[in-house]
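Residues per chain are reported as follows:
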Amino acid sequence: MTLEKHRLDGIPQITRKTLPAPEFEALLKGAGYSYLGSAPAQGGRRKTWWTHGTHRRVEVIYSPDMQTVITAYHPEP
């Protein structure tokens, strides 16, 4: 649960360890990000990718029920 440890392009710094998924997704959409796709992740979690025309891609890790965002980051190139 490290959401607050990463800085995301175009998003104000998040200061909480987790966020409800709808709240986090509203931040991404408000900054112009678009949903790209998803896949299973370690521990039954779910990973999604979000893309932007000028900002780096974002990977988001959700709780198994997809209700909570645990972390989000820009993957290494």
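So, here is what we can say about the structure in this document. (Residues numbered from 1 in each chain as written. Predicted model: local features only at pLDDT ≥ 70, side-chain atom pairs only at ≥ 80, totals over all residues. Heavy atoms only, no water.)

Quick look at the side chain of S63
1) Next: Summarising the element assignment, S63 is placed in the loop between strand 4 (58-62) and strand 5 (68-73).
2) Next: For S63, a relative accessible area of 11% gives the class buried.
3) Next: A polar side-chain atom of S63 sits 2.5 Å from a polar atom in the side chain of D65.
4) Next: For S63, the residues in contact, after removing those within four places along its chain, are R45, R46, T68 and I70. (Helix = DSSP H or I, 4+ residues; strand = E, 2+ residues; numbered from the N terminus. Buried < 20%, exposed > 50% of the residue type's maximum accessible area, 1.4 Å probe, protein only. Polar contact = N/O pair within 3.5 Å; in protein donor to acceptor, adjacent residues only side chain to side chain. Contact = heavy atoms within 4.5 Å.)

What to know about the pairing of strand 2 (residues 34-40)
1) Next: Relative to strand 3 (residues 46-51), strand 2 is paired through six bridges, and the arrangement is antiparallel. Bridge pairing in strand 3 places S38 opposite T48.
2) Next: With antiparallel pairing between neighbouring strands as the criterion, strand 2 and strand 3 make up a hairpin whose turn holds five residues, including G43 at a positive phi of roughly 70°. (Pairing = 2+ DSSP bridges.)

Comments concerning the packing of aromatic side chains
1) Next: All chains considered together, the criterion is met by one aromatic pair.
2) Next: Between Y35 and W50 the ring centres are 5.7 Å apart and the planes differ by 80°, which places this aromatic pair in the edge-to-face class. Here Y35, found in strand 2, pairs with W50, found in strand 3; they are 15 residues apart in sequence, far enough to count as distant.
3) Next: A residue is classified by how much of its surface remains accessible, and Y35, at 47% relative accessible area, is partly exposed. (Phe/Tyr/Trp six-rings, centres within 6.5 Å; stacked < 30°, edge-to-face > 60°.)

Things to note about the environment of L27
1) Next: Mapped onto the elements of the fold, L27 is located in helix 1 (residues 21-30).
2) Next: Given a relative accessible area of 32%, L27 falls into the partly exposed group.
3) Next: Between the C-alpha atoms of L27 and G37, which are 10 residues apart in sequence, the distance is 17 Å.

Describing helix 1
Along an α-helix, a turn takes 3.6 residues, which lines up residues three or four apart on a common side.
1) Next: All buried positions along helix 1 are accounted for by A21, F24 and L28. The buried residues of helix 1 occupy an angular sector of 70° when projected down its axis, which confines them to one face. Facing away from the buried side of helix 1, by more than 90 degrees, are the exposed residues P22, K29 and G30.
2) Next: Elements that come into contact with the buried residues of helix 1 comprise strand 1 (19-20), strand 3, strand 4 and strand 5.
3) Next: Looking one or two residues past helix 1, G32 carries a phi angle of roughly 95°, positive in sign. (Arc of directions from axis to C-beta.)

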